[in-house]
Amino acid sequence: MKMENTNSWSLVNAARLLISIVVVILHLGSRWVIGAPQATAMFVFGDSLIDNGNNNYLLGSLAKANYLPYGVDFEQGATGRFTNGKTIIDLLGDKLGLPYLPAFADPLTVGTRILKGVNYASAAGGILDISGLHLGQRFSLRQQVISFGITLSQLRIQLGGMNMNLSEYLAKSIAVMALGSNDYVNNYLMPSLYPTSFIYNPRDYADLLVNQYSTQILALHSLGLRKFFLAGLGPIGCSPSQARGQCATGVNDMMGLFNERLRSLVDLLNANHPGSIFAYGNTYGVFGDILNNPAAYGFMITTRGCCVLGVNQGTCLPLSTPCPNRREYVFWDAFHPTEAVDEILAQRAYAGPPSDCYPINVQQIAQM
Ligand SMILES: *[C@@H]1O[C@H](CO)[C@@H](O)[C@H](O)[C@H]1NC(C)=O
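The structure presented is a predicted model; accordingly, all values stated were derived computationally and were not measured.

Scoring rules and cut-offs
- Residues numbered from 1 in each chain as written.
- Predicted model: local features only at pLDDT ≥ 70, side-chain atom pairs only at ≥ 80, totals over all residues.
- Heavy atoms only, no water.
- Buried < 20%, exposed > 50% of the residue type's maximum accessible area, 1.4 Å probe, protein only.
- Helix = DSSP H or I, 4+ residues; strand = E, 2+ residues; numbered from the N terminus.
- Pairing = 2+ DSSP bridges.
- Axes fitted to C-alpha atoms, helices over the stretch in contact; angles between N-to-C directions.
- Left-handed = near helix turned anticlockwise from the far one by under 90°.
- Contact = heavy atoms within 4.5 Å.
- Expected span 1.5 Å × (residues − 1).
- Disulfide = S-S within 2.5 Å.
- Right-handed = clockwise from strand over helix to strand, strands pointing away.
- Core = buried A, V, L, I, M, F, W, Y, C linked by side-chain atoms within 4.5 Å.
- Polar contact = N/O pair within 3.5 Å; in protein donor to acceptor, adjacent residues only side chain to side chain.

(A) Highlighting the pairing of strand S3 (residues 174-178). Of all five residues in S3, five are buried, a share of seventy percent or more. Alternating positions in S3 separate into two faces, Ile174, Val176 and Ala178 on one and Ala175 and Met177 on the other, with burial throughout. By the bridge criterion, five bridges tie strand S1 (residues 42-46) to S3 in an arrangement that is parallel. Counted as the bridge partner of glycine 46 is alanine 178 from S3. Inspection of the sheet shows S3 paired to strand S4 (residues 227-231) by four bridges, in the parallel sense. Bridge assignment links methionine 177 to a residue of S4, and that residue is leucine 230.

(B) How the structure looks around the packing of helix H7 (residues 202-222) against helix H8 (residues 249-272). At a closest axis distance of 9 Å, the pairing of H7 and H8 adopts a crossing angle of 35°. Judged by the twist between their axes, the crossing of H7 over H8 is right-handed. Contacts between H7 and H8 involve Pro202, Arg203, Ala206, Asp207, Leu209, Val210, Tyr213, Ser214, Ile217 and Leu218 from the former and Met254, Leu257, Phe258, Arg261, Leu262, Leu265 and Leu269 from the latter.

(C) Representation of helix H3 (residues 141-161) in the model. Its 21 residues give H3 an end-to-end C-alpha distance of 30 Å, which sits within 8% of 30 Å, the value for a rise of 1.5 Å per residue. Among the structural elements, S1, strand S2 (117-119), helix H4 (166-171), S3 and H7 are those in contact with the buried residues of H3. Remark: asparagine 163 follows H3 within two positions and exhibits a positive phi of approximately 60°.

(D) Spatial organisation of the state of the cysteines. Under the counting rule described, the total for this entry stands at three disulfides. Between the sulfur atoms of cysteine 238 and its disulfide partner cysteine 247 the distance amounts to 2.2 Å. The S-S bond linking cysteine 238 to cysteine 247 shows a torsion near 115°; that makes this disulfide right-handed. Two residues share a disulfide in this structure: cysteine 306 and cysteine 323, whose sulfurs sit 2.1 Å from each other. With the S-S dihedral at roughly -110°, the linkage between cysteine 306 and cysteine 323 falls on the left-handed side. Of the two residues, cysteine 306 is situated in the loop between helix H9 (283-292) and helix H10 (339-351) and cysteine 323 in the loop between H9 and H10; the sequence distance between them amounts to 17 residues. Classification of cysteine 306 as buried rests on a relative accessible area of 7%. Here the chain pairs its bonded cysteines, counted in sequence order, in the arrangement 1-2, 3-6, 4-5.

(E) How the structure looks around the pairing of S1. Of all five residues that make up S1, five are buried, and the element is covered over most of its length. The two faces of S1 match: Met42, Val44 and Gly46 on one face and Phe43 and Phe45 on the other face are all buried. Where S1 meets S2, three bridges bridge the pair, whose relative direction is parallel. By the bridge assignment, phenylalanine 43 is partnered in S2 with valine 118. Taken together, S1, helix H2 (residues 88-96) and S2 constitute a β-α-β crossover, and its handedness is right-handed.

(F) Molecular detail of the nonpolar core. With 48 residues, the main nonpolar core has Phe43, Phe45 and Tyr184 as its most contacted residues. Take this core: its biggest share by element is nine residues, from H8. In contact with tyrosine 184, not counting residues within four places along its chain, are Leu189, Tyr205, Ala206, Leu209, Leu233, Met254, Met255 and Phe258. Counting residues in each nonpolar core, the second largest holds 38 residues, with Ile88, Leu96, Ile174 and Phe287 among its members.

(G) Broad picture of the side chain of glutamate 339. Summarising the element assignment, glutamate 339 is placed in helix H10. Within polar-contact distance, the side chain of glutamate 339 engages the backbone nitrogen of lysine 86 at 2.9 Å.

Spelled out as structure tokens, the structure:
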């Protein structure tokens, strides 16, 4: 009887040991294959280029993408992402070993769900509160920063319960910011609805935008974030919404003025905040490479979007059938790039040389 007990006891223990070994091997294996997380979390501020569903919860918003064909190539279907597949944030998250981030406006974004980061990006939102007003409700940059403050109070509780240090957690997190497109497309370039182009010349307007941007970046810094990736504007004059046969160079010149100032701001912030890092993503340069030599990247069509446009001529007609050869298109609708372009932008932000991501890339930021 005693012998039998001992035998079954050792058998159970042997089984437990075996399971532990398998678990450890699987754990190590997955770490080696997928890569250990390089950043504790990612906090995302932006517009429709990286909105992952925040506007779904805004009843008064006309800027939504929670219907097919948006998400036609995304495993979760139409989620509110303004492209056919993954956004640049999803792809950067893959590289950093982070899961898909929850949208701040989702009521389920509470408790432990916020620990790997939160996405505050909102379609039609801009640096200026007024930008995108004619598209209804949206979260401007200012509102997104206020929302981060709410997350912070929740993080304090979550991390406190786990005996983790909030300052250290935030210092290892990455803030990704991509704003400014709507301050042009849905403000400055719409003189019939917004007076800004009568008040400011393009240089003064770029100054205004980057000054306001700087204020909000510093607000996030004062709340504890230390690593920033600031994406510049792409050549919006080449998007189907602005281009008429060829790129609108007047529009692209405005993006250039904004980008120059944003890149200078990065130098200033790095000089004034030792122990923090701010990087500028050269979206314009990478996008320009693709448009100047599309075939080298496998693209065939650069002048029109893949999906059928709806009545507002900007976003896809609900439930319409998109082009089948989506990897041959640069643009998905009249504004937003396809997942194939997002992959190139994410890869070059993550691992590109200083001409793509200045002064260091996202991978180097994560490893600091
Ligand atoms: C958290 O970490 C920082 C920096 O390492 C340290 O200065 C601070 O005292 C810590 N806070 C707590 C509550 O332990």
